[in-house]
Amino acid sequence: MGVGQWPIQEVQYATAVVDVDKIAGRLMDALEQAGIADNTVFMFASDNGASNEGHHDYEFFKSSGPLNGFKRSLHEGGIRSPFVVRWPGVTPPGKVSKQQWAFYDFLPTVADIAGVDASKLPAHDGYSILPTLRGEAQAQKNFVYHEYCSPNEQHKGGWGQAVRVGDWSAVCVGNHPTNHSDVPVCSTPLPYNLATDPGQQKDLAAQNLSKAQELMQVMRAQHTPGNYCGKASDAQWESWEAVLDREL
């Protein structure tokens with residue numbers, strides 16, 4: 001099918017992708033013109049998986065590849081996305097890393113790059129991937145955790161959690177919780193082995209019940225009681241405001 005035969009919404013989506021690429025190029029050109037490109041860490045990332053909004057069909061361009069799900073999914077297609085770094089003389093060009101990383105690791109990473117004392121950062125759950133950016137060996141983080149209100153798995157209703165530990169992942173979705181004791185919201189999560197099943201097609205709970213329960217324990221431990229649609233608690237806001245007041 002040629003471009004002239006594409007549905008208009010897919011033409012518009014492709015145009016937006018090309019525009020993003022052009023804008024990234026303009027930023028790189030500006031760094032070159034300013035003479036600071038070789039002394040600047042350039043990072044490019046998406047905050048979610050493939051879009052399926054604005055009447056665009058994420059399957060039209062196979063945007064999730066082999067992964068299961070899309071934006072607002074708790075399966076890998078909704079939460080795994082590319083992260084590209086250009087750091088001349090430091091980050092090896094053309095190298096593909098399997099280091100696991102999430103956006104809550106951004107703050108400790110850039111602080112580490114800038115030489116900021118880690119003790120001066122506000123409380124966070126992240127770790128620095130500076131060794132990885134330098135091309136050095138680095139241990140994987142213990143886990144990657146997500147929780148989301150109204151995930152696609154519940155037809156944009158309910159609530160859910162996802163966790164990855166090494167090659168294992170688990171997804172737990174159910175009804176919207178009303179208090180901390182309701183979390184996790186499923187009796188048994190859906191565990192997958194991403195090493196052999198990156199598309200998360202094989203629910204391994206029956207064969208690996210102990211692993212499923214182990215992953216559910218991470219979900220239980222990592223959830224912070226409070227509003228269950230992402231709003232920070234009053235105590236969290238007060239903590240963040242105190243840090244800002246101290247720094248400013």
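Our structure's up above, just so we're on the same page.
Since we're looking at a predicted model, the values are computed, not measured.

(A) Up close: the overall build of the protein. Each helix and strand in the protein was counted, giving 6 helices and 6 strands. When the helices and strands of the protein are placed in sequence order, the string is α-β-α-β-α-α-β-β-β-β-α-α. Oriented by its inertia axes, the alpha-carbon framework of the protein measures out at about 55 × 55 × 35 Å. Sequence-distant contacts, at least 24 apart, represent 54% of the contacts inside the protein between residues at least 6 apart. Counting only carbon and sulfur atoms, one obtains 54% of the accessible surface of the protein, whose full area is about 14900 Å². Of the charged side chains in the protein, 19 are positive and 28 negative, and the gap between their average positions amounts to 4 Å.

(B) Representation of helix H1 (residues 8-34). With 27 residues, H1 extends 39 Å from end C-alpha to end C-alpha; this agrees with the ideal 39 Å at 1.5 Å per step. Glu 10, Ala 14, Ala 24, Met 28 and Leu 31 are the residues of H1 that are buried. Of the surrounding elements, those touching the buried residues of H1 are strand S1 (42-45) and strand S2 (83-86). Just downstream of H1, Gly 35 is the residue with a positive phi angle, here 75 degrees.

(C) Summary view of helix H5 (residues 209-222). Taking 1.5 Å as the rise per residue, H5 with 14 residues should run 20 Å; its terminal C-alpha atoms sit 20 Å apart, in good agreement. Where H5 is buried, its residues meet strand S3 (144-149), strand S4 (159-165), strand S5 (168-174) and strand S6 (190-193).

(D) Spotlight on the pattern of salt bridges. Using the criterion set out here, one finds 8 salt bridges in the structure. Of the charged contacts in the structure, one is a salt bridge between Glu 76 and Arg 80, with a shortest N-O distance of 2.9 Å. Relative accessible area serves as the criterion here: at 37%, Arg 80 is assigned to the partly exposed category. Measuring nitrogen to oxygen at the nearest pair gives 4.0 Å for the salt bridge that ties Asp 167 to Arg 164.

Conventions adopted
Residues numbered from 1 in each chain as written. Predicted model: local features only at pLDDT ≥ 70, side-chain atom pairs only at ≥ 80, totals over all residues. Heavy atoms only, no water. Helix = DSSP H or I, 4+ residues; strand = E, 2+ residues; numbered from the N terminus. Contact = heavy atoms within 4.5 Å. Areas by Shrake-Rupley, 256 points an atom, 1.4 Å probe, with all protein chains shown as cover. Lys, Arg positive; Asp, Glu negative; His and termini not counted. Charge placed at Lys NZ, Arg CZ, Asp CG, Glu CD. Expected span 1.5 Å × (residues − 1). Buried < 20%, exposed > 50% of the residue type's maximum accessible area, 1.4 Å probe, protein only. Salt bridge = Lys/Arg side-chain N within 4 Å of Asp/Glu carboxyl O.

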